[in-house]
Protein chains: 2
Amino acid sequence: MARSLYHQPLSPYCRTVRLVLAEKRLAFDLIEERPWEERDEFLNLNPGGTVPVLVDDNGAVLAESSAIVEYLDEVYTAIPVIPGTPAERGEVRRVALWYDLKFGREVSGPILFEKADKRLNRWGEPDLALIRASVESMKYHLEYVSFLADERRWLGGDLFSLADITVASHLSALDYLGDVPWAQFPDVKDWYARVKSRPAFRPLLDDALAGLAPPRIYADLDF
Amino acid sequence: MARSLYHQPLSPYCRTVRLVLAEKRLAFDLIEERPWEERDEFLNLNPGGTVPVLVDDNGAVLAESSAIVEYLDEVYTAIPVIPGTPAERGEVRRVALWYDLKFGREVSGPILFEKADKRLNRWGEPDLALIRASVESMKYHLEYVSFLADERRWLGGDLFSLADITVASHLSALDYLGDVPWAQFPDVKDWYARVKSRPAFRPLLDDALAGLAPPRIYADLDF
């Protein structure tokens, strides 16, 4: 059977899994799922009702992005995304979890919901005060990315890893909305340009959502 | 050097790490950290400023509970808490993440903040409407625990695992506040009695917070 990923195009968590699959050179079909429709067939795959969900070519069903990534790194070991010793792997996971949990809750989650989900699904007017507060708190988190990009070759250490993939997934979704203040964070911009030029990133830059066009720089490698 | 865990007593995420260490028979010192005080020494260990943080006896520093657990399961393999094939391990992680993420956001996070953190730190009056809504949404999540406990030997599959540890960590913290409706969920109660009687659980039942006593059944194995 074909490997399939149920996803939402702007979800940072889905983007992380897409990038991990692509970095590992694993082919997969991309299936857009609208989890809020609560399709029975989808709830049978994941009773939690969230995307991403991976159905691997051996029939294994995986849900929750970090569980999917751990599974992929265990089964497809040729190109690891959580490389190194146990302590180095712990550091990669720490950085990834910071952005999946804290940045997701304070920044990317609210901005994507207010600006993209509400508009695409006609769920009402965006809460502008919440968007402003989330854009403001983005700066603290970008300062930490800037610090890491300055101290290390890649965000999780010497090697490209899930830390880079996770942070780039969140920022790429916000960049689609034109909401990343690149000019204020040149170290972050330089690091992101390196990630963006990787072949695995290309399909994300080709994403286009009906009714919500990205700014010109979104797909521009020399933004 | 001695292995040390920086923690908060009622944090479900800290309780998970304490239980994993105890199940693996790893000795450790428990250090109570008040992350909101933002001590410099603590921020040097974890710039994210959250508990739990583990300093292992080899000097490795780990932050974010799921990164700590993955590290411990990689280094101390004699007693695994994420057992089985990659797909089985993925299922254990899926259940654990459901409760760490969704249950944490909708139920245990708000209840513990409103009822325990505010009272212990004199941060103002609890939001009673928020507590009621969180207790109400607990039921949906306990129904799923009930389903799993009925279908499987343990919540993540045939073997005791991180799935049981994580769900028990969240419920034990709420049980300290007397907020788990055990009588309505007999399957959950039976499963929890089995977890609670494990030797690794004993230190959690001996926890006592100044100014906030647990109900009698908290430490009772025949509750």
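Remember, predicted model here, so these are calculated numbers, not experimental data.

Scoring rules and cut-offs
Throughout this document, residue positions are counted from 1 along each chain, in the order its sequence is written. Each chain takes a letter, starting from A, and each ligand takes a number, starting from 1, following the order in which they are written. Residue-level local features of this predicted model are given only where pLDDT is at least 70; pairs of side-chain atoms are given and counted only at 80 or more, and the full residue set underlies all totals for whole chains, interfaces and linings. The side-chain figures draw on all heavy atoms in the structure; neither hydrogens nor water molecules are used. Superposing the copies works by least squares over the C-alpha atoms of residues that have pLDDT at least 70 in both of them. Strands are runs of DSSP state E lasting at least 2 residues, helices are runs of H or I lasting at least 4, and numbering of each runs from the N terminus. Residue exposure (1.4 Å probe, protein chains only): buried if accessible area is under 20% of the type maximum, exposed if over 50%, otherwise partly exposed. Geometry is summarised by axes, namely lines fitted to C-alpha atoms with helices restricted to the contacting stretch, and by angles between N-to-C directions that run from 0 to 180 degrees. Every angle not falling under 35 degrees, over 145, or within 65 to 115 is termed oblique; those three ranges are roughly parallel, roughly antiparallel and roughly perpendicular. Note on contacts: a residue pair qualifies if any of its non-hydrogen atoms lie within 4.5 Å across the two residues. Residues are grouped as follows: Ala, Val, Leu, Ile, Met, Phe, Trp, Tyr, Cys and Pro are nonpolar; Asp, Glu, Lys and Arg are charged; all remaining types, including Gly, are polar. In short, DSSP must find at least two bridges between two strands for them to pair. The directions from the helix axis to the C-beta atoms are what the arc is built from. As a working definition, buried area equals the accessible area (1.4 Å probe) given up by two parts on being put together, with both sides summed. Whenever a carboxyl oxygen of Asp or Glu lies within 4 Å of a side-chain nitrogen of Lys or Arg, that contact is scored as a salt bridge. Residues adjacent in sequence count toward polar contacts only when both atoms are side-chain atoms; beyond that, a polar contact is any pair of N or O atoms within 3.5 Å, and within protein one must be able to donate a hydrogen and the other to accept it.

Run through the relation of the copies chain A and chain B, naming residues and quoting values.
Here chain A sits on chain B after a turn of 180° about the axis and a move of 0.0 Å along it, with an RMSD of 0.0 Å. Such a turn and shift between the copies fits a two-fold axis. Looking at the rotation axis and the C-alpha trace of chain A, the residue lying nearest is A:Leu101, at 4.3 Å.

Give me the side chain of A:Asn121: which residues, what numbers.
Summarising the element assignment, A:Asn121 is placed in helix H4 (residues 86-121). A:Asn121 sits in the buried class, given a relative accessible area of 16%.

Which residues make up the packing of helix H1 (residues 12-23) of chain B against helix H3 (residues 65-75) of chain B, and what values go with them?
Residue and element names in this part refer to chain B. Direction vectors running N to C along H1 and H3 enclose 10°, while the axes themselves pass 9 Å from each other. Between H1 and H3, the crossing angle belongs to the class labelled roughly parallel. Facing Tyr-13, Thr-16, Val-17, Val-20 and Leu-21 of H1, the residues of H3 in contact are Ser-65, Ile-68, Val-69 and Leu-72. Broken down by class, the residue content of the contact of H1 with H3 amounts to 7 nonpolar, 2 polar and no charged.

Give a detailed account of the sheet that holds strand S3 (residues 53-55) of chain B, specifying residues and quantitative values.
All names here are of chain B. If you trace the 4 strands from one edge of the open sheet to the other, you get S2-S1-S3-S4, paired in mixed fashion. On the outer flanks of this sheet lie strand S2 (29-32) and strand S4 (61-63), each paired with one strand and no other. Sheet twist, expressed as the average angle between the axes of neighbouring strands with direction ignored, equals 20°. Note: S3 against S4, 3 bridges, orientation antiparallel.

Run through helix H7 (residues 186-196) of chain B, naming residues and quoting values.
Residue and element names in this part refer to chain B. Buried residues of H7: Val-188, Trp-191, Tyr-192, Val-195 and Lys-196, and no others. One side of H7 holds all its buried residues, which, seen down the axis, span an arc of 135°. Where H7 is buried, its residues touch helix H5 (128-151), helix H6 (162-176) and helix H8 (202-205).

Describe the sheet that holds strand S3 (residues 53-55) of chain A, with residues and values.
All names here are of chain A. Here we have 4 strands laid out as an open sheet, ordered S2-S1-S3-S4, and mixed in their pairing. The sheet is open, and its two borders are formed by strand S2 (29-32) and strand S4 (61-63), each paired with just one other strand. Neighbouring strand axes in the sheet, compared pairwise and without regard to direction, differ in orientation by 20° on average. Relative to S2, strand S1 (residues 4-7) is paired through 4 bridges, and the arrangement is parallel. Along S2, the bridge assignment pairs Tyr-6 with Ile-31. Contacts between helix H1 (residues 12-23) and the sheet are confined to S1, S2 and S3, with S1 contributing the most and set at about 160° to the helix. Its contacts with the sheet place helix H3 (residues 65-75) against S3 and S4, and it is angled at close to 135° to S4.

Which residues make up unusual backbone geometry, and what are the values?
Of the consecutive residues A:Val51 and A:Pro52, the connecting peptide bond is found in the cis state with omega at 0°. As for its position among the elements, A:Pro52 is in the loop between helix H2 (40-45) and S3. Positive phi values are uncommon outside glycine, yet B:Glu38 reaches one of about 50°. Unlike most non-glycine residues, B:Glu64 shows phi in positive territory, near 75°.

Pulling in residues and values, what's your account of the interface of chain A and chain B?
The interface of chain A with chain B comprises 25 residues on the first partner and 26 residues on the second. Regarding the contact of chain A and chain B, the summed buried area is about 2100 Å², with carbon and sulfur atoms giving 64% of it. The largest contributions to the chain A side of the interface with chain B come from A:Glu64, A:Glu74 and A:Arg94, which together make up 22% of the buried area. Where chain A meets chain B, there are 4 salt bridges. Among the ionic pairs, B:Arg89 bridges to A:Glu74, the shortest N-O distance being 2.8 Å. Connecting chain A to chain B are 6 residue pairs in polar contact (both at pLDDT 80 or more). Sorting the residues of the side of chain A that touches chain B by element identifies S4, H3, H4 and helix H5 (128-151) of chain A as the ones contributing at least two each. Among the elements that take part in the side of chain A that touches chain B, H4(A) stands out by supplying 10 residues, more than any other.

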